[in-house]
Amino acid sequence: WLFLICCTLLDYRWEEERYTDGSKWRFLEHKGPVMAAPYEPLPSNVRFSYDGKSMKLSLGAEEVATFFAKMLDHEYTTKEIFQKNFFNDWRKEMTSEERAKITDLKKCNFNEMAEYFKAQSEARKAMTKEDKLVTENERLLQEYGFCIMDNHKERIANFRIEPPGLFRGRGDHPKMGMLKRRIRPEDIIINCSKDSKHPKPPPGTKWKEVRHDNKVTWLVSWTENIQGSIKYIMLNPSSRIKGEKDWQKYETARNLKKCVERLRHQYREDWKSKEMKIRQRAVALYFIDKLALRAGNEKEEGESADTVGCCSLRVEHINLHAEKDGQEFVVEFDFLGKDSIRYYNKVPVEKRVFKNLQLFMENKQPEDDLFDRLNTSILNKHLQELMDGLTAKVFRTYNASITLQQQLKELTNPDENLPAKILSYNRANRAVAILCNHQRAAPKTFEKSMQNLQAKIDAKKDQLAEAKRDLKGAKADLKVRRDEKSKKALESKKKAVERVEEQLMKLEVQATDREENKQIALGTSKLNYLDPRISVAWCKKWGIPIEKIYNKTQREKFAWAIDMADEDFEF
DNA sequence: GGCGCCACTTAGAAGGTGGGCT
DNA sequence: AGCCCACCTTCTAAGTGGCGCC
């Protein structure tokens, strides 16, 4: 019945049957991708120079060099691997004459080209002010940004094709600097209904393929040339197909809630197992549950940065301390996780876990796998047996959401005003972000903007002191004069003090919030891990406008939850 | 049981924008 | 009016996990 309510609220009706016949959609029509603007050669007065001599490049070579010129001031273009990969790929694009001539990147000078692109970007900015670009963007959005799926007009997420450029990657990526090829219509696979109008390729070109596969949700795909992986154009999070999946994800996490105690009991038992494989599985699961670690699939060496998750942890990533800072059995984690974000944590664990870890590490080199008898596939197969739909990532969703709910209960003070309640929400959100290790680089202007805010607070304090002095004066006046006028004056001074106090408090809350948030990213957990119904219920319970918690895009994504949850919702 | 392939979710950075303050 | 900063959008890389095959 929940499903029914949800579908009705989303304006999709049960009678459409599409949910029971296994297919994802009945009808899909769209316009295909917006292809990147065609390559325009540089004006002839913009020079590239080699070994001090000015020269003109062939079209392919010029396009590659252009990307380097655009990135000239980035820190990573100075990296050796980046330069090596860039130069290697550039030489592939050169004519044989160019290849014979241009043999040393150090002799290349892109400064004039870089200047030219800087000027172009300035010009673009100016154009934005005149709204020409805005209008063009709006036109593209209206024409290509939507599709029809099962009679509903749905927003497409990424309808612009990825432009060519130099691949960066995150962290120490072995492929940084390689040329990311321009995508051509001949690379594109279109997916739509047989009975729909086919998207048209640009004049004079052909799509690679047009297919009609309603078991998948993507509209367009192509194979990218750096890793050879497939990229997709899919629907916006506000779409039915994404919303339903999102809701399903949280329902699975709520199912875990019902049996998590049983599972915890089980893996604690397994710590004592005679089988090494089972012990490893149980310890890994303990980490995933307690620390919200990711599963940790194996990765191909040399294809991407060296990062790990739980199952792929190596001996070198943990340190065992029988005693540390007054605590017993401390495990010190230090490794690079997804996006090469560092995970550093010192965690006291139970003695049995500690002893097991010692056992797993016996006779191993630092670069050996900690859980040598385990991988994500084994772990997930086990989890599937414990609960329908359970996989390692469900623990992250479950623990994130349950933490938010608990923290909100704990931190919300009914007597506090709106800004204070929102601070509490942000703190609860922050607890989750810390659990999930969602970090960000501290904003470059952080110190400065913090100082500015502090100056504002000081000024406000002075103002408050002054207002209080005035109030005192008004009180004295009233005592002496005892007339209507001074009574009114006193009232207005009282109001003024209250107003300034409130302003000061607002500023102080802002400062606390900002300081605590310096290196923590709240967005990822809010968007991907926290059951939105918890937040909706909290807002309803305390009379907080939902707009204070979710912006427009987020409200669209979570429309299902906003309609579904009342203030009694329990995750 | 391992591998390759595929589809989909999750991730932080960069860039854009708009509202508040001086 | 202009500037600054916080918030928002866009971008696309980097994960997870299922499936089929050998």
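What counts, and where the lines are drawn
- Residues numbered from 1 in each chain as written.
- Chains lettered and ligands numbered in written order.
- Predicted model: local features only at pLDDT ≥ 70, side-chain atom pairs only at ≥ 80, totals over all residues.
- Heavy atoms only, no water.
- Near = heavy atom within 4 Å.
- Polar contact = N/O pair within 3.5 Å; in protein donor to acceptor, adjacent residues only side chain to side chain.
- Helix = DSSP H or I, 4+ residues; strand = E, 2+ residues; numbered from the N terminus.
- 1 Å grid on protein atoms, 1.4 Å probe; cavity = no way out; pocket = protein on both sides within 12 Å on 5 of 7 lines; lining within 4 Å.
- Points joined across faces, edges and corners; volume = space filled by probe spheres on them.
- Nonpolar A, V, L, I, M, F, W, Y, C, P; charged D, E, K, R; others polar.
- Pairing = 2+ DSSP bridges.
- Contact = heavy atoms within 4.5 Å.
- Expected span 1.5 Å × (residues − 1).
- Buried < 20%, exposed > 50% of the residue type's maximum accessible area, 1.4 Å probe, protein only.

## A few points about the protein's contact with DNA strand B
Taken together, 27 residues lie near DNA strand B, and Y232, K242, K338, T524 and Y529 sit nearest. Sugar and phosphate atoms represent 85% of those atoms of DNA strand B found within 4 Å of the protein. Within the side chain of K242, an N or O atom sits 2.4 Å from a phosphate oxygen of DNA strand B. One of the side-chain nitrogen or oxygen atoms of K338 is found 2.6 Å away from a base oxygen of DNA strand B. Elements supplying a minimum of two residues to the surface near DNA strand B: strand 12 (230-233), helix 7 (240-270), helix 11 (392-411) and helix 15 (523-528).

## Re empty space enclosed by the protein
Taken as a whole and judged by the stated rule, the model has two cavities of 30 Å³ or more. Considering only enclosed or pocket space, the largest cavity measures out at about 80 Å³ in volume. Looking at the largest cavity, the residues that line it are L42, P43, S44, V46, R47, F48, M55, K56, L57, E62 and M113. Taken as a whole, the second largest cavity encloses approximately 50 Å³ of empty space. In this structure, the second largest cavity is lined by E162, K180, R181, I183, W222, E224, N225 and K231. Among the residues making up the lining of the second largest cavity, the classes are represented as two nonpolar, one polar and five charged.

## Notes on the protein's contact with DNA strand C
Around DNA strand C sit 27 residues in total, of which R170, K231, N452, R514 and T553 are the nearest. Here the atoms of DNA strand C within 4 Å of the protein split so that 89% fall in sugar or phosphate, with bases taking the remainder. A distance of 3.2 Å separates a phosphate oxygen of DNA strand C from a polar backbone atom of A392. Its residues assigned to classes, the surface near DNA strand C comprises four nonpolar, 12 polar and 11 charged.

## Some points on the sheet that holds strand 4 (residues 108-109)
Either a parallel or an antiparallel arrangement is found when strands of a sheet pair, and the pairing is made through backbone hydrogen bonds. Ordered in space as 3-2-4, the three strands form an open sheet in which the pairing is antiparallel. For this open sheet the edge positions go to strand 3 (53-55) and strand 4, each flanked by a neighbour on one side alone. As paired strands, strand 2 (residues 48-50) and strand 3 are joined by three bridges and run antiparallel to one another. Across the sheet, the residue bridging to F48 is M55, located in strand 3.

## Topic: the environment of M234
Mapping M234 onto the fold places it in the loop between strand 12 and helix 7. Placed 119 residues apart in sequence, M234 and E115 show a C-alpha to C-alpha distance of 37 Å. In this structure M234 touches I156, A157, N158, T217, W218 and K242, once residues within four positions along its chain are discounted.

## Overview of helix 12 (residues 418-435)
A rise of 1.5 Å per residue sets the reference length of helix 12, with its 18 residues, at 26 Å; its end C-alpha atoms lie 26 Å apart and thus fit the reference within 8%. Buried within helix 12 we find A420, K421, I422, L423, S424, Y425, N426, A428, N429, R430, V432 and A433. For helix 12, the elements touching its buried residues are helix 11, helix 14 (484-516), helix 15 and helix 16 (532-542). One or two residues past the end of helix 12 sits N437, with phi positive at roughly 60 degrees.

In short, shape yes, function no, at least from these values alone.
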